[in-house]
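Commentary on secondary and tertiary structure
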Amino acid sequence: MSTTIEVINPATEEVVRTVALASANETDAAIARAQAALPAWRAVAPADRARLLRRFAAAVDADVENLARLEVANSGHTIGNARWEAGNVRDLLDYYSAGPERLTGKQIPVAGGVNITFAEPLGVVGVIVPWNFPMPIAAWAFAPALAAGNTVVLKPAELTPLTALRLAELAGEAGLPDGVFQVIAGKGSVVGQRFVTHPAVRKVVFTGSTEVGKQIMAGCADQVKRLTLELGGKNANIVFADADLERAAAAAPYGVFDNAGQDCCARSRILVQAEVYDRFMELFEPAVRGVVVGDPAAESTEMGPLISAAHRERVTGLLGDSPVAFRGHAPDGPGFWFPPTVVTPASRSDVLLTDEVFGPVVAVVRFHDEAEAVAMANDTEYGLSGSIWTRDVGRALRVSRGVEAGNLSVNSHSSVRYSTPFGGFKQSGLGRELGPDALDAFTETKNVFIGT
Ligand code: TAP
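Residues numbered from 1 in each chain as written. Predicted model: local features only at pLDDT ≥ 70, side-chain atom pairs only at ≥ 80, totals over all residues.

**So, the overall build of the chain**
A tally of regular secondary structure across the chain gives 14 helices and 20 strands. Expected size for 452 residues packed as a compact globule is a radius of gyration near 22 Å; at 23 Å, the chain falls within 12% of this value. Considering only C-alpha atoms, the chain reaches an extent of 70 × 60 × 40 Å along its principal axes. The burial tally for the chain puts 51% of its 452 residues in the buried class. (Helix = DSSP H or I, 4+ residues; strand = E, 2+ residues; numbered from the N terminus. Rg over C-alpha atoms; globule rule 2.2 N^0.38 Å. Buried ≥ 20, exposed ≤ 12 C-beta atoms within 10 Å, placed from the backbone.)

Structural data, given as structure tokens:
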């Protein structure tokens, strides 16, 4: 039986649209269509598959403004971020459109014959996406998966299905054959769970919480199902005494408050070398107070609302009675607002230093030397990203090698580029997305020996 969900604009609390949620039977029907579409999709000549992906990219490009405005309503993202996110989908399709013609195997010298390898598609890929970046995270999986000859069934988060549903329409307009790329809105416990248990789904790509990721990993074990996991983060922004402090302090709000902190790469711990701690805080305070929080559709807005009332409750609960050093502003009235908030925990075991908040709350602490900075950065079960601010190139490289995280930036907070690998160490995930090697995650190597 189908049910529905009302998609709520997080900035106004108004209903944007009512969307039908798929049942387990409807999920099975979508998986069957994806399976039926496989032989023909696999048989499309590589140059033609590349052309179709480029046409899909062009359709997204022509729709960037519309997608961006839809994302503002769907998820409360600022219009500037939402334009970048739609553009990221276009760029991913363009980048991986080169894949079909570059999936070359190898010829390996052996005795008694000829040995060749093939990069075979896996089959139907099920993609499960969270609500925090509905468009890019979907495309990180579907662009390389389609390029490698797989078919895709995508489940957006229940709260934010609208832009993913629009991407499916654009794929159809671009001429992708029926069943090759489907988007079905639904609950994780119904649709997502069916991806895990249905034998025709050969790979699951899951982005979301570490807790649900562990359940999915356990579920996939039953069929030795291929799996990519992109999970939580508790990332450190390490500021050394020799850094350009003005630049580090000016950039720090962007590192944690972008997307209202609802970012797996949010630098929600700032570690500052003791001798410059006071100066850093002096510079950081006006930068935090200056963050423009408000209507996400306004061009000047830098931070929008949280995704839902329930999530705001969770963030408020985690903040608890922690000592707030200073905070920025947030609007009153309708909308799930939460101001940028800076805390200075007294204890290393404070929940704000250990748990992913996924909201605009950052904990600032002191460290004394390089070894202590690395130890503090690594004192977490997560290992997704982080930043290092220093003018010393040797230190930048030593600390980069010492921090157990998949994506580090020096004198920058930028973690994501479609052309470079992305993924987590430790409990932040399994496997890598993006970059030149992502096609490997959607193919199986087959070895063929021909006796001569
Ligand atoms: P989750 O609650 O884990 O949900 C993520 C997705 O999984 C949603 O589509 C959800 O469906 C679905 N799901 C829930 N239970 C499931 C189950 N039992 N089986 C299959 N699917 C299931 O995460 P969230 O709160 O939406 O997202 C925030 C988390 O995502 C944070 O921890 C964040 O760090 C992480 N994240 C990681 C990355 C990367 S790249 N590492 C990027 C973004 C976010 P519903 O719609 O029904 O909830």
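There is more to say, and it comes next.
**So, the domain arrangement of the chain**
Note on interface size: it is often stated as the accessible area lost on association of the parts. Looking at the chain, the domain boundaries give domain 1 (4–231 + 428–451) and domain 2 (236–410). Computed from C-alpha atoms alone, the centre-to-centre distance between domain 1 and domain 2 is 31 Å. The partner domain 2 presents 21 residues to the 15 residues of domain 1 that form the contact. Every element with two or more residues in the side of domain 1 that touches domain 2 is listed here: α3 (64–75) and α4 (79–96). When its residues are assigned to classes, the side of domain 1 that touches domain 2 shows 6 nonpolar, 8 polar and 1 charged. (Domains from an automatic or database assignment. Contact = placed C-beta atoms within 7 Å. Nonpolar A, V, L, I, M, F, W, Y, C, P; charged D, E, K, R; others polar.)

**Here's the deal with the nonpolar core**
In terms of nonpolar packing, the biggest core is built from 135 residues, with F56, V127, A138, F142, I238, V239 and L271 touching the most fellow members. The dominant element in this core, judged by the number of residues it contributes, is helix α5 (residues 134–147), at 11 residues. Of the domains in this structure, domain 1 (4–231 + 428–451) and domain 2 (236–410) are the two that each give at least three residues to this core. When neighbours within four sequence positions are excluded, L271 is seen to be in contact with A236, I238, V239, V365, F367, A373, M376 and A377. (Core = buried A, V, L, I, M, F, W, Y, C linked by C-beta atoms within 7 Å.)

**Quick look at the environment of E285**
One can find E285 in helix α10 (residues 277–289). Measuring from C-alpha to C-alpha, the distance between E285 and G328 comes to 8.7 Å, with 43 residues separating the pair along the chain.

**Examining the pairing of strand β3 (residues 107–110)**
Here β3 pairs with strand β4 (residues 113–121) via 4 bridges, running antiparallel. Residue pairing for β4: I108 is matched across the bridge by N115. Hairpin connection between β3 and β4: a loop of 2 residues separates the two successive antiparallel strands, and G112 in this loop has a positive phi of roughly 80 degrees. (Pairing = 2+ DSSP bridges.)

**Structural notes on the packing of α5 against helix α6 (residues 162–173)**
Remark: α5 packs on α6, axes separated minimally by 8 Å, with the N-to-C direction vectors making an angle of 50 degrees. Relative to α6, the element α5 is oriented oblique. For the crossing formed where α5 meets α6, the hand is right-handed. Here α5 contributes P134, M135 and A138 to the contact with α6, which in turn contributes T163, A164 and L167. Per-class residue counts for the contact of α5 with α6 are 5 nonpolar, 1 polar and no charged. (Axes fitted to C-alpha atoms, helices over the stretch in contact; angles between N-to-C directions. Parallel < 35°, antiparallel > 145°, perpendicular 65-115°, else oblique. Left-handed = near helix turned anticlockwise from the far one by under 90°.)

**Brief notes about the sheet that holds β4**
Here we have 3 strands laid out as an open sheet, ordered β3-β4-β20, and antiparallel in their pairing. Each having just a single partner strand, β3 and β20 (443–451) make up the two edges of the open sheet. Averaged over all pairs of adjacent strands, the angle between their axes in this sheet comes to 25 degrees, without regard to strand direction.

**What to know about the environment of V351**
Looking at the element boundaries, V351 is found in helix α12 (residues 351–354). Sequence spacing of V351 and M303 is 48 residues, and the spatial spacing of their C-alpha atoms is 24 Å.

**Notes on the site of the ligand**
Around the ligand, the structure places 31 residues, and the nearest of them are P130, G188, G192, G208 and E230. Taken together, the elements giving at least two residues each to the shell around the ligand come down to α7 (188–197) and α8 (210–221). Among the residues forming the shell around the ligand, the class breakdown is 13 nonpolar, 13 polar and 5 charged. Counting only domains with at least three residues in the shell around the ligand, you end up with domain 1 (4–231 + 428–451) and domain 2 (236–410). (Near = placed C-beta within 6 Å.)

**Some thoughts on helix α13 (residues 370–377)**
Within α13 the residues assigned to the buried category are A373, V374 and A377. The buried residues of α13 occupy an angular sector of 95 degrees when projected down its axis, which confines them to one face. Those residues of α13 that are exposed and aimed more than 90 degrees away from the buried face are A371 and A375. Along its buried surface, α13 packs onto β10 (236–239), β11 (269–273), β14 (361–367), β16 (385–389) and α14 (393–402). (Arc of directions from axis to C-beta.)

**Focus on the sheet that holds strand β5 (residues 124–128)**
One open sheet holds the 6 strands; their spatial order is β7-β6-β5-β8-β9-β19, and the pairing between them is mixed. Lying at the two open borders of the sheet, with one neighbouring strand each, are β7 (181–183) and β19 (429–430). Contacting β5, β6 (151–155), β7 and β8 (201–207), helix α1 (residues 24–43) runs over the sheet at an angle of about 155 degrees to β6.

**Details of the pairing of β8**
Counting buried residues along β8, 7 of its 7 residues qualify, which places the element largely inside the surrounding structure. Across 5 bridges, the pairing between β8 and strand β9 (residues 226–230) is parallel. Pairing of V204 across the sheet is with L227, part of β9. Crossover connection from β8 via α8 to parallel β9: handedness right-handed. (Right-handed = clockwise from strand over helix to strand, strands pointing away.)

**Examining the confidence of the model for the chain**
Residues with a pLDDT of 70 or more make up 100% of the chain, whose mean pLDDT is 97. Reported for the predicted complex are a pTM of 0.97 and an ipTM of 0.96. (pLDDT = per-residue confidence, 0-100.)

**Quick notes on α4**
Given 3.6 residues to a turn, an α-helix orients residues that are three or four positions apart in the same direction. Under the 1.5 Å per step criterion, the end-to-end length of α4 is 26 Å for 18 residues, consistent within 8% with the ideal 26 Å. Within α4, 13 of the 18 residues are buried, which leaves it mostly tucked inside the rest of the structure. (Expected span 1.5 Å × (residues − 1).)

**A short note on the environment of G431**
Relative to the helices and strands, G431 is located in the loop between β19 and β20. Remark: the alpha-carbon pair of G431 and E65, spanning 366 residues in sequence, is separated by 32 Å.

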